Amino acid sequence: MTQQEPRYRRSFGDLSERALAFWLLLPATLLLGLVALYPVARLFHNSLFRRRLTDETGTNPVFVGLGNFAQALSDERFWTALWNTFLIVLVTVPGALVVGLLLALLANLPFQVRWPVRLGLLLPWALPLVFAGLIFRWFFDSQYGVVNDVLVRLGGERLLWVTTPELLFWAVCLTIIWKTSSFVALILLAGLQVIPKELYEAAAVDGASRWQSFWRITLPLLTPALLVAAIFRTITAFQTFDIPFAMQNGGSSFETLAMYVRTTSIENLNFGYGSALAVLMFLVSLGVTLLYLRHIRGADD
Amino acid sequence: MKRFFWLLVAVLLASSGLAQQTRLRVFVGGQQRPDVMRKILDLYQQRNPGVRVDIEVGGATSDQQQQYLTTVLASRDPSIDIILIDVIRPAQYLASRWADTIDKYLPAATRQALLRQYLPAYTQANVINGQLVALPGFADAMFLYYRTDLLEKYGFKPPTTWEEVIQQAQTILQRENNPTLNGIGFIGAPAEGAVCTFLLPVWAAGGDVTNAQGQFALTVEQAQRALQFWVSLMDQRVSPPNMAEKPQDTIRQEMQAGRWVFGTLFAYAWNRFQNDADSQVKGKIGVVPLPAFPGGRQVSCLGGWQWVVSDFSRNKAQAHKLVRFLSSPEVSKILAIEASNLPVFPALYRDPDILRVNPWFAQALPVVQAARARPQHPRYAEISEVIRVTTNQVLARQKTAEQGARDIVNRLQAIYSGR
């Protein structure tokens, strides 16, 4: 590496190489700008206008400044949706991390044949979110669902899972945890496999119990992987949409922020206000991401 | 070389032939019998060799279809030329400028003559601010379906009031003592049909969302009574406690499997009960007008589907020609026979070919003529959401009928006052 460095420096000064780098990076930059930057900029722009496709402002938007944001702050439905989204994050991120860790530890055991375990890990992850929502909607159906069937066999009562908000919340969380813990497990499994085996051998020689070596070796060395998993999981949890949407048959008794954005823009055709809500959601996600990034840098230092 | 030359000629001829052919794309919902629509379009293609019509099948419910169409139309996508839309949507299509209005292609005299042939409710639904937005494809209304075998077994006549329905359901459920049999099915899931569920008792009591001048007129008391009526069916155990889970087509499927005594459903259900291979109730289903509500009159909820030409179509003239065919008596008759869709022409309700397949159409005309229309408003999507979600919440017992009624009235008032 050190021997190659002078050559690298020389070529960096070489204009034609720089030009080459420019041209090589240009397509990716343009593509990113087109699919990421332009829509976000357009979203911010839209959020400053009154624009409903249901009246004349659909073709002639009226500039309202921060009016849409003021409306959102006094909109009870916005705060409920935001609160619901936070609750989803609060329950499903730790939930998925714990279940994912257990799955990763299980998959890391020295099985004779490893592929069935790995495949089992991958399946929920490969399933589209809406399918997971629809499948679990049937599981929780009060009449035909397997959950109520088990409850009744155990001597319990049939519960109206999908139409009782408190029960629906837990049904949604359970589905999300089932769906997302395999993604967490995949990341953690990779993290587990880079922990040197010698550490465990040394700990065993020193007389540490398995429990101790888990707390003293596995968990500390797994922290970077756990953090990465937590970041990705938190960001996607803030965007939770598919599963609660699919589980409610088009209802909105339990509504996340993403669901409110969709209803406002796509169903009610209120693009100005819908954009403002989406901007607020974007800011929340951005805030969380920055917080985590700072944390990671702190950990690196 | 010579063979290559002839091949080239053949390719050129074929491609110019393709270029002359107009291709139209028609969107219909999954529940609007795409199989029957295909037959009708094949007929049109036979008669118009220069036109090829493709069919695109959308979601099962009216709201699912519109969600998809909104993204297509808001992005000015020209790929769809003709759309079959629900009776509640023409006002929104006009306000959003998604429809290429029919007027341009109709001389005033023809327009008047044409509109006089249809049931007046559909002329009213499709003419918004004097502009003809769409033409009706088929009519629809809600009816009471019942099990003829069960009613006969206990000596009951088809009911004409809800008191009778409740009493008959109670007796039959008790005597049959069959845990898989349910009493009265109505639309309780938060889909579009729940708007009708809410409005039926309101209309029966003489109320409506707006008055004759189009101003908001619904009172909390009217709304509360309506919600209370449906909740009381669950309280009296003639409807199961999970009605909030039931969209229309679930009730249709369950009734088809013999699990309901009564069901309030739109007209499409008849054909499925009689003709579906898996139907357990062939020949055991009767249809009557919806019963009278306590202290009220008999009403039904107007449904029906309209053909509209997309404003982003690149073949508008051809599309209009096809829409005229699709809204003709000939097609109305095919739809009535093959899909039990109610005709939009009053004369067809006496057509012997149609009555042979759908004997109950003979008494359906007055129901359709008296059926009430849901509110016409460019922001209907919001009105619908308020009503169907709140009605669903009351049926799920998340809110009392009184709380639900207050929510509906307050939020509708906000929409009508432009907030």
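Residues numbered from 1 in each chain as written. Chains lettered and ligands numbered in written order. Predicted model: local features only at pLDDT ≥ 70, side-chain atom pairs only at ≥ 80, totals over all residues. Heavy atoms only, no water.

(A) Fine view of the overall build of chain B. Within chain B, the regular secondary structure consists of 18 helices and 10 strands. For chain B, the spread of C-alpha atoms along the three principal axes comes to 85 × 50 × 40 Å. For chain B, the exposed area adds up to about 17,100 Å²; of that, 52% sits on carbon and sulfur atoms. Averaging the positions of the 44 positive and the 34 negative side-chain charges in chain B gives two centres separated by 4 Å. (Helix = DSSP H or I, 4+ residues; strand = E, 2+ residues; numbered from the N terminus. Areas by Shrake-Rupley, 256 points an atom, 1.4 Å probe, with all protein chains shown as cover. Lys, Arg positive; Asp, Glu negative; His and termini not counted. Charge placed at Lys NZ, Arg CZ, Asp CG, Glu CD.)

(B) Here's a closer look at the pattern of salt bridges. Per the stated rule, a full pass over the model turns up 34 salt bridges over all chains. The salt bridge involving E267 of chain A is made with R388 of chain B; its shortest N-O contact spans 2.8 Å. Separated into two different chains, E267 of chain A in helix α12 (residues 257–267) and R388 of chain B in helix α17 (residues 380–395) make up a pair that spans both. Here the two residues E267 of chain A and R388 of chain B agree in accessibility, since each one is buried. Its salt-bridge partner being R23 of chain B, residue D54 of chain B comes within 3.0 Å of it at the nearest N-O pair. Note that D54 of chain B is positioned in strand β2 (residues 51–58) and R23 of chain B in strand β1 (residues 22–29), a separation of 31 residues in sequence. The exposure class assigned to R23 of chain B is partly exposed, which follows from its relative accessible area of 45%. Because the salt bridges share partners, they merge into one network encompassing D249, R252, R272 and D276 of chain B. (Salt bridge = Lys/Arg side-chain N within 4 Å of Asp/Glu carboxyl O. Buried < 20%, exposed > 50% of the residue type's maximum accessible area, 1.4 Å probe, protein only.)

(C) View of the nonpolar core. Within the largest apolar cluster, 129 residues are counted, with the highest numbers of intra-cluster contacts made by F143, Y145, F198, L322, L342, W360 and L412 of chain B. Mapped onto the domain boundaries, this core takes at least three residues apiece from domain 1 (20–140 + 303–367) and domain 2 (141–301 + 374–416) of chain B. Judged by nonpolar contacts, the second largest core, of 27 residues, contains V184, L188, L192 and A225 of chain A. (Core = buried A, V, L, I, M, F, W, Y, C linked by side-chain atoms within 4.5 Å. Domains from an automatic or database assignment.)

(D) Representation of the state of the cysteines within the structure. Residues and elements named next belong to chain B. Under the criterion given, the structure shown has one disulfide over all chains. Here C196 is linked by a disulfide to C301, with a sulfur-sulfur distance of 2.1 Å. Sign of the S-S torsion, about -55 degrees for the bond between C196 and C301, identifies this disulfide as left-handed. Within this pair, whereas C196 is found in helix α9 (residues 193–204), its partner C301 is found in the loop between β9 (285–289) and β10 (302–309), the two being separated by 105 residues in sequence. (Disulfide = S-S within 2.5 Å.)

(E) Looking closely at the environment of L129 of chain A. Residues and elements named next belong to chain A. As for its position among the elements, L129 is in helix α6 (residues 129–139). Overall, the relative accessible area of 36% leaves L129 in the partly exposed class. For the pair L129 and A276, spaced 147 residues apart in sequence, the C-alpha to C-alpha distance is 26 Å. Beyond its immediate sequence surroundings of up to four residues, L129 is in contact with K179, D242 and I243. (Contact = heavy atoms within 4.5 Å.)

(F) Region of the structure containing the interface of chain A and chain B. Taken together, the contacts link 30 residues of chain A with 32 residues of chain B. Surface buried jointly by chain A and chain B totals about 2,500 Å² across both partners, of which 45% is contributed by carbon and sulfur atoms. Three residues stand out in chain A for area buried against chain B, namely T54, T163 and E267 of chain A, and they jointly supply 21% of the buried area on that side. Put simply, chain A and chain B have three salt bridges between them. The salt bridge partner of E385 of chain B is R77 of chain A, with a shortest N-O separation of 2.8 Å. Counting across the interface, chain A meets chain B through 13 residue pairs in polar contact (both at pLDDT 80 or more). (Buried area = accessible area lost by both parts, 1.4 Å probe. Polar contact = N/O pair within 3.5 Å; in protein donor to acceptor, adjacent residues only side chain to side chain.)

(G) Summary view of the packing of aromatic side chains. Residues and elements named next belong to chain B. Enumeration according to the criterion identifies 35 aromatic pairs over all chains in this entry. For the pair F143 and W360, a centre-to-centre distance of 5.0 Å together with 75 degrees between the ring planes defines the contact as edge-to-face. Taken together, the residues span a long stretch of sequence, with F143 in strand β6 (residues 135–147) and W360 in the loop between α15 (352–357) and α16 (364–370) at a distance of 217 residues. For the ring pair F229 and F293, a centre distance of 5.0 Å and an interplane angle of 70 degrees mean the geometry is edge-to-face. Taken together, the residues F229 in helix α10 (residues 220–235) and F293 in the loop between β9 and β10 connect sequence positions 64 residues apart. For F229, a relative accessible area of 9% translates into the label buried. Residue classification places F293 among the buried positions, given a relative accessible area of 4%. Taken together, the ring pairs in this structure connect F143, Y145, W270, F273, Y349, W360 and F361 into an aromatic cluster. (Phe/Tyr/Trp six-rings, centres within 6.5 Å; stacked < 30°, edge-to-face > 60°.)

(H) Summary view of the domain arrangement of chain B. Residues and elements named next belong to chain B. According to the domain assignment, chain B consists of domain 1 (20–140 + 303–367) and domain 2 (141–301 + 374–416). Measuring from the centre of the C-alpha atoms in domain 1 to the corresponding centre in domain 2 gives 27 Å. Contact residues are listed per partner, giving 27 residues for domain 1 and 24 residues for domain 2. Taken over both partners, the interface formed by domain 1 and domain 2 buries close to 2,100 Å², and the fraction arising from carbon and sulfur atoms is 58%. Across the contact surface, domain 1 and domain 2 share nine residue pairs in polar contact (both at pLDDT 80 or more). For the side of domain 1 that touches domain 2, the secondary-structure elements that each account for two or more residues are α3 (62–74), α4 (90–95), α6 (120–126), α14 (329–339) and α16.

(I) Structural view of α10 of chain B. Residue and element names in this part refer to chain B. Its 16 residues give α10 an end-to-end C-alpha distance of 22 Å, which sits within 8% of 22 Å, the value for a rise of 1.5 Å per residue. Three or more residues of α10 are buried, namely A223, A226, L227, F229, W230, V231, S232, L233 and M234. At its buried positions, α10 is contacted by α8 (162–176), β7 (182–185), α9, α17 and α18 (401–416). Phi for R237, located one or two positions after α10, is positive at around 65 degrees. (Expected span 1.5 Å × (residues − 1).)

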